[in-house]
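Structure assessment
Residues per chain are reported as follows:
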Amino acid sequence: MTPPDPAPAPAAAGMTPADAADAARLVAFGLQPKLLPARDAEYAELLRRHRDEPAFARLADAVAAGLGLIVLEVSPRAGMAVTAAEDSVFAVRMGDYARRAATDSADRFLHGLAHLAVAALAFPRPEDLADDGYIGRVTVNGVDAFVRQACRRLEERAEEQGENSDPATGAPGLESAWRVYARRSATGATKDARRLAGSTTGIIGKAVAFLVDSGFLQRTGDDSGGTYRTTARYQLQVRDMAASAAMAELLELGVVPVSDGSATLLPPDESDDLDLVADAGLPFHS
């Protein structure tokens, strides 16, 4: 007597090639960060299937994993939010972005600091990151003012402790962040009043433009050098980076946000160690 065929594995139960195509389609939607489920009926339907059909959800998650993608969240607010693992062909390497944005190593360092400052201002408190309904707001000038206040505070601390304030020329990667940033003009000077690309606001402008293109920020106006609001995808990304040493350094300065995207600094506790140390995790440090 011929034994019966084995039952299908639970993960594949009821799934067909058409379902596999739909799962891949959902992942493809997730790779379009600016696409909102509320504006695409097919995307919204596939998200519903992911929520209501466990076998389909497992299939879609497996497709993402096979492409080297990490699923951060699948929801109507964020869509299928994915981030690329280091070895994924979809990885957007921040170092590559920095090299495209600037050839000078000091400029690359400043681009990394700009990204950290935007994240710190967008979600300055742990409860902001934890609240799915929270929307952060930043401005280019607000980010620049925040970093310059931090620079002044760090310079004061260095002077109080008698530290060397004139490190070796030609080795910007070894300088503290405040020394690199404080030496750079905020806007530069052109005959038609445009901000220079190498100025700090020019660098911040490039950083936020990259975040807009990546679906992390949405531009809302032109005031204060450009105003922006965060997206659900950006909140998920910042949650992932919130434990980095460099992010902690900025947050420990005591950021007080206000609604227009600017910010100020609270006096830190005397016990806080605010000196940025070598290899503190700032992107593009080398």
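Residues numbered from 1 in each chain as written. Predicted model: local features only at pLDDT ≥ 70, side-chain atom pairs only at ≥ 80, totals over all residues. Heavy atoms only, no water.

Take the layout of surface pockets next. Empty space within the second largest pocket amounts to approximately 410 Å³. Of all the secondary-structure elements, those providing two or more residues to the lining of the second largest pocket are strand 4 (217-221), strand 5 (227-230) and helix 10 (232-241). Tallying contributions element by element places helix 10 first for the lining of the second largest pocket, with three residues. (1 Å grid on protein atoms, 1.4 Å probe; cavity = no way out; pocket = protein on both sides within 12 Å on 5 of 7 lines; lining within 4 Å. Points joined across faces, edges and corners; volume = space filled by probe spheres on them. Helix = DSSP H or I, 4+ residues; strand = E, 2+ residues; numbered from the N terminus.)

Looking now at the nonpolar core. The biggest cluster of nonpolar side chains holds 32 residues, and the ones touching the most others in it are Val118, Val143, Val147, Leu217 and Tyr234. Mapped by element, the contributors of at least two residues to this core are helix 5 (105-122), helix 7 (140-160), helix 8 (177-182), helix 9 (200-213) and helix 10. When residues of this core are assigned to their parent elements, the largest contribution, 10 residues, is made by helix 5. Setting aside anything within four residues of it in sequence, one finds Val143 in contact with Ala114, Ala117, Val118, Leu121, Val138 and Ile204. Within the second largest apolar cluster, 13 residues are counted, among which are Val27, Phe29, Phe56 and Ala64. (Core = buried A, V, L, I, M, F, W, Y, C linked by side-chain atoms within 4.5 Å. Buried < 20%, exposed > 50% of the residue type's maximum accessible area, 1.4 Å probe, protein only. Contact = heavy atoms within 4.5 Å.)

It is worth spelling out the pattern of salt bridges at this point. Applying the stated criterion across every chain, the model contains 16 salt bridges. For Arg48, the salt bridge goes to Glu45, with nearest N and O atoms at 2.7 Å. Separated by three residues within a single helix, Arg48 and Glu45 lie in helix 2 (residues 41-52), roughly one turn from each other. Judged by relative accessible area, Arg48 falls into the partly exposed class, the value being 28%. The class of Glu45 is partly exposed, set by a relative accessible area of 36%. A cluster of three or more residues bridged by salt bridges with shared partners is formed by Asp19, Asp22, Glu45, Arg48, Arg49, Arg51, Asp52 and Glu53. (Salt bridge = Lys/Arg side-chain N within 4 Å of Asp/Glu carboxyl O.)

Take the packing of helix 7 against helix 9 next. Where helix 7 contacts helix 9, the axes come no closer than 9 Å and their chain directions differ by 125°. Classed by the angle they form, the pair helix 7 and helix 9 counts as oblique. The interaxial crossing formed by helix 7 with helix 9 has right-handed handedness. Counted together, Val140, Asn141, Val143, Asp144 and Arg148 of helix 7 and Thr200, Thr201, Ile204, Gly205 and Val208 of helix 9 form the full contact between these two elements. Classifying every residue of the contact of helix 7 with helix 9 gives four nonpolar, four polar and two charged. (Axes fitted to C-alpha atoms, helices over the stretch in contact; angles between N-to-C directions. Parallel < 35°, antiparallel > 145°, perpendicular 65-115°, else oblique. Left-handed = near helix turned anticlockwise from the far one by under 90°. Nonpolar A, V, L, I, M, F, W, Y, C, P; charged D, E, K, R; others polar.)

Think of a pair of aromatic rings as described by two things: how far the centres are apart, and how the planes are tilted against each other in angle. The tally for this structure, following the rule as stated, stands at four aromatic pairs. A ring pair is formed by Phe123 and Tyr134, whose centres lie 5.9 Å apart and whose planes are at 55°; its orientation type is tilted. With Phe123 in the loop between helix 5 and helix 6 (126-130) and Tyr134 in the loop between helix 6 and strand 3 (137-139), this residue pair connects regions lying 11 residues apart in the sequence. In this structure an aromatic cluster arises from ring pairing among Phe123, Tyr134, Phe216 and Tyr234. (Phe/Tyr/Trp six-rings, centres within 6.5 Å; stacked < 30°, edge-to-face > 60°.)

Attention shifts here to the environment of Arg49. One can find Arg49 in helix 2. Classification of Arg49 by relative accessible area gives buried; the value is 11%. With 23 residues separating them along the chain, Arg49 and Leu26 place their C-alpha atoms 9.9 Å apart. For Arg49, the contacting residues outside a window of four places in its chain are Met15, Asp19, Asp22 and Phe56.

Strand order in the open sheet formed by three strands is 3-5-4, and the pairing between neighbours is antiparallel. Looking at strand neighbours, the two that pair on one side only are strand 3 and strand 4, the edges of this open sheet. On average, adjacent strands in this sheet sit at an angle of 35° to one another, irrespective of strand direction. Two strands pair when backbone bridges link them, and strand 3 and strand 5 are joined in this way by three bridges, in the antiparallel orientation. Looking at strand 5, one finds that Val138 is bridged to Tyr228. The strands touched by helix 7 are strand 3 and strand 5; relative to strand 3, the strand with the most contacts, the crossing angle is about 80°. Packed on one face of the sheet, helix 9 meets strand 4 and strand 5 and runs near 115° to strand 4. (Pairing = 2+ DSSP bridges.)

Checked against the element boundaries, His50 lands in helix 2. Here the side chain of His50 touches Asp61 through a polar contact of 3.0 Å, side chain to side chain. Apart from the residues within four sequence positions on either side, His50 is in contact with Leu26, Phe56, Ala57, Ala60, Asp61 and Val74. (Polar contact = N/O pair within 3.5 Å; in protein donor to acceptor, adjacent residues only side chain to side chain.)

Summing up the model confidence of the protein, the mean pLDDT is 75 and the portion of residues at 70 or higher is 65%. When mean pLDDT is compared element by element in the protein, helix 2 scores highest at 97, while strand 6 (residues 255-257) scores lowest at 51. For residues 167-175, every residue scores under 50 in pLDDT, and the model assigns this stretch 11 contacts once sequence neighbours within four places are set aside. In the predicted structure, residues 267-286 sits below a pLDDT of 50 and forms 47 contacts with residues beyond four places in sequence or in another chain. (pLDDT = per-residue confidence, 0-100.)

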